[in-house]
Amino acid sequence: AITHELKTPIAVAKLNLETLQKHKLDEEKKDKLIRMTLQETNRLNTLTNNILISSQLEGGGYKLVKEDLDLSGMISRLVMDFKQRFADRTWILEIPNTIHVKADPLLIQILINNLLDNAVKYSPRSAAVQVKLAQGTSNVEMSIADQGPGIPDEEKGKIFKRFYRIGNESVRTTQGTGLGLYLCKKISTDHHGSIRVSDNQPTGANFIVQLPNN
Ligand code: ADP
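Throughout what follows, the structure given in this document is the object of discussion. (Residues numbered from 1 in each chain as written. Predicted model: local features only at pLDDT ≥ 70, side-chain atom pairs only at ≥ 80, totals over all residues. Heavy atoms only, no water.)

Re the layout of surface pockets
Computed from the structure, the second largest pocket encloses a volume of approximately 270 Å³. Mapped onto the lining of the second largest pocket, the elements with two or more residues apiece are α2 (27-59), α3 (71-85) and α4 (105-121). Here the residues of the lining of the second largest pocket sort into four nonpolar, nine polar and two charged. (1 Å grid on protein atoms, 1.4 Å probe; cavity = no way out; pocket = protein on both sides within 12 Å on 5 of 7 lines; lining within 4 Å. Points joined across faces, edges and corners; volume = space filled by probe spheres on them. Helix = DSSP H or I, 4+ residues; strand = E, 2+ residues; numbered from the N terminus. Nonpolar A, V, L, I, M, F, W, Y, C, P; charged D, E, K, R; others polar.)

Shown next as structure tokens:
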């Protein structure tokens, strides 16, 4: 599955670039191809990060570095990237300005990107994604909620397992490796935090991450 996941975006990006090179396209078609190619390279970026980091975390080859991290700033920047890539979306943001944690910036970025990626991937194109950040007494809580089908109760405990994907291969319409949420859990617990999923209202999934302040 991983080989396929890696090769598909490369093949699509290559084909798009060849089309741009060979044909004189009008501006609109050109823009569309470039946008699609960028999406594929972004997918490839998330995927290779997931594969590399999860094998390094597993093998003890990655040393977690805790530093002062402006979480408000990081989330705002990452959401901004998604806003540009998925312009049809409605984004509902509650991100106060000054929330900091002691954490590994690269890992936290991977965690947030995976949750944003899933919210967009598993919900209708124009449905809203809600991103919230709040300061608790000893920890910081971040939640990313979508309006897709949500996660059935019997799957809620399984989706954080490595390579686990809901449903079977023949009926699935989305691509993926089942590594994203595994990594989100590993990163949260390696920071002595937690991740859980609950139901969003009226529909969808709400992923809640808690990270200690220090
Ligand atoms: P991937 O998305 O690559 O399959 P993940 O580990 O990120 O892997 O997610 C595991 C599974 O959990 C997905 O295959 C999907 O079935 C389910 N899932 C994850 N996020 C959502 C979401 N926001 N809404 C509905 N289902 C989700």
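Picking up after the structure, the text goes on.
A closer look at α3
Across its 15 residues, α3 extends 21 Å between first and last C-alpha, which sits within 8% of the 21 Å expected from 1.5 Å per residue. Among the residues of α3, those classed as buried are Leu71, Ser72, Gly73, Met74, Ile75, Leu78, Val79 and Phe82. Contact partners of the buried residues in α3: β1 (67-70), β2 (91-94), β3 (100-103), α4, β4 (129-135) and β5 (139-145). Capping the start of α3, Asp70 holds a side-chain oxygen 3.3 Å from the backbone nitrogen of Ser72, two or three residues further along. (Expected span 1.5 Å × (residues − 1). Buried < 20%, exposed > 50% of the residue type's maximum accessible area, 1.4 Å probe, protein only. Contact = heavy atoms within 4.5 Å. Polar contact = N/O pair within 3.5 Å; in protein donor to acceptor, adjacent residues only side chain to side chain.)

Considerations on the site of the ligand
The ligand sits among 17 residues. The nearest are Tyr122, Asp146, Arg165, Thr177 and Leu181. Side-chain polar atom of Asn118 to an oxygen atom of the ligand: 2.9 Å apart, as the coordinates give it. In isolation the ligand offers 530 Å² of accessible surface; the protein chains occlude 95% of this area. Looking at the shell around the ligand, the elements that each hand over two or more residues are α4 and α5 (180-190). (Near = heavy atom within 4 Å. Areas by Shrake-Rupley, 256 points an atom, 1.4 Å probe, with all protein chains shown as cover.)

Function cannot be read off these values alone, since they describe shape.
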